[in-house]
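# Coordinates in review
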Amino acid sequence: MTECIECGAEVTLHDDLEVGEIVDCSTCGAELEAVDTDPVELDSAPELEEDWGE
Amino acid sequence: MNFGILYSRIRKDEKLLLSELRDRGHEVTKIDVRKQQFGLSEPPADFEGVDLVVDRCLATSRSVYATRFVDAYDIPVVNHPDTAGVCADKAKNSLALVENEVPTPETTVAFTTDAAMEAIEEFGYPCVLKPVVGSWGRLMAKIDSRTAAEAILEHKETLGHYEHKVFYVQEYVEKGGEDIRVLATDGEPVAAMVRSSDHWITNAAKGAATDEFGLDDEALDLVERASDAVGGGLLGVDLMGTEDGYTVHEVNHNVEFKALNEATDVDVPARVVDWLETKAEQAEVSA
């Protein structure tokens with residue numbers, strides 16, 4: 001568990017969280033990027049860009 | 001072996017790959033492309049000791065440039081930057097398919113709204129207008145009338161950046177509400193699925209229903225030829241079934257496979273890693 005940087009609610013995390021993975025805050029819906037896992041540090045995820053995809 | 005995963009976001013696809021690589025005892029070097037600076041001769045320090053770089057950049061622009069630099073450093077990289085360059089751009093993609101005699105929808109590119117309007121009228125309604133760079137079915141327009149065409153072209157000309165002034169007009173293919181995604185490694189299919197939707201856009205990213213699909217000889221042949229057309233690699237080949245056979249509308253170079261992995265019994269990440277191991281071994285031999 002760690003705190004959402006947007007709303008302060010507790011965010012549940014998977015055990016196998018990877019740096020670069022996105023997690024959603026179930027309280028406020030914010031997309032958060034894991035920028036570190038030891039200890040876990042979350043930041044706001046980048047906004048969708050037009051050239052993202054396959 | 002040491003596999004460098006070039007990324008900016010770890011999607012489920014990357015997690016599947018990372019897990020498979022680690023389970024097999026490989027070293028994995030995660031390289032966040034956002035933190036790199038690419039000079040003209042020496043690779044960034046993060047690439048030290050990597051046997052094969054696997055491009056999983058989410059942003060097409062980064063994928064195209066980063067793979068070009070990595071290749072210039074003589075570090076083996078999949079997919080090759082030439083493949084990325086062709087697949088990243090729908091116009092280049094279409095040209096490559098036609099040059100290799102792969103059936104693909106009729107397409108016209110124009111650079112002004114007047115010329116694009118003429119092309120649209122020539123195709124008749126409905127027809128399709130797509131951005132040359134883009135994915136996940138975004139900014140695709142099925143044009144049902146001249147008034148709709150005028151509005152879309154005006155919006156693109158006024159609001160879009162320069163790439164939106166490359167008007168990519170395509171025939172509307174009646175595909176029966178579905179298309180087919182094939183994941184292939186150097187032209188050899190790993191697995192395939194059919195994507196169905198009531199909407200004319202049938203991307204999995206748009207919520208299309210998916211189911212396993214068995215490829216017939218015609219499709220197998222087209223997947224191999226489409227792969228060859230863009231230079232091979234780990235690719236997502238998209239086909240539509242028509243009354244006259246299949247037509248290939250695009251080949252994706254940074255293919256996502258989580259939906260395919262769920263839709264089929266094939267262990268997709270395992271098959272992908274089989275192929276990555278082969279590529280790394282081949283690179284080691286030729287080094």
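Keep in mind the model is a prediction, meaning the values are calculated, not measured.

Counting from both sides, the interface comprises 28 residues of chain B and, opposite them, 18 residues of chain A. Across the chain B to chain A interface the summed buried area is about 1900 Å²; carbon plus sulfur atoms make up 38%. When the buried area of chain B at its contact with chain A is split by residue, B:Arg9, B:Lys15 and B:Arg138 rank highest and sum to 30% of it. Scanning the region where chain B abuts chain A turns up 19 residue pairs in polar contact (both at pLDDT 80 or more). For the side of chain B that touches chain A, the secondary structure elements donating two or more residues are helix H1 (12-23) and helix H2 (60-72) of chain B. No other element matches H1(B), which puts three residues into the side of chain B that touches chain A. Of the residues contributing to the side of chain B that touches chain A, the split by class is nine nonpolar, ten polar and nine charged.

Below, the discussion takes up the environment of B:Lys142. Residue and element names in this part refer to chain B. Mapped onto the elements, Lys142 comes out in strand S7 (residues 141-143). Using a relative accessible area of 30% as the deciding quantity, one classes Lys142 as partly exposed. Between the C-alpha atom of Lys142 and that of Val194, which follows or precedes it by 52 residues, the distance is 21 Å. Once residues within four sequence positions are removed from consideration, Lys142 is found in contact with Pro126, Cys127, Tyr172 and Trp200.

To continue, consider the domain arrangement of chain B. Residue and element names in this part refer to chain B. Each domain of chain B was delimited in the assignment, giving domain 1 (2-86 + 271-286), domain 2 (107-171) and domain 3 (174-266). One C-alpha centre belongs to domain 1, the other to domain 3, and the line joining them spans 24 Å. The interface is formed by 18 residues belonging to domain 1 together with 21 residues belonging to domain 3. At the boundary of domain 1 with domain 3, the tally comes to four salt bridges. Note that Asp186 and Lys279 form a salt bridge whose closest N and O atoms lie 3.2 Å from each other. In this structure, the connection of domain 1 to domain 3 is made through 13 residue pairs in polar contact (both at pLDDT 80 or more). Elements that contribute at least two residues to the side of domain 1 that touches domain 3 include exactly H1, H2, helix H3 (81-87) and helix H9 (268-286). Its residues placed into classes, the side of domain 1 that touches domain 3 shows seven nonpolar, four polar and seven charged.

Basis of the calculations
Residues numbered from 1 in each chain as written. Chains lettered and ligands numbered in written order. Predicted model: local features only at pLDDT ≥ 70, side-chain atom pairs only at ≥ 80, totals over all residues. Heavy atoms only, no water. Contact = heavy atoms within 4.5 Å. Buried area = accessible area lost by both parts, 1.4 Å probe. Polar contact = N/O pair within 3.5 Å; in protein donor to acceptor, adjacent residues only side chain to side chain. Helix = DSSP H or I, 4+ residues; strand = E, 2+ residues; numbered from the N terminus. Nonpolar A, V, L, I, M, F, W, Y, C, P; charged D, E, K, R; others polar. Buried < 20%, exposed > 50% of the residue type's maximum accessible area, 1.4 Å probe, protein only. Domains from an automatic or database assignment. Salt bridge = Lys/Arg side-chain N within 4 Å of Asp/Glu carboxyl O.

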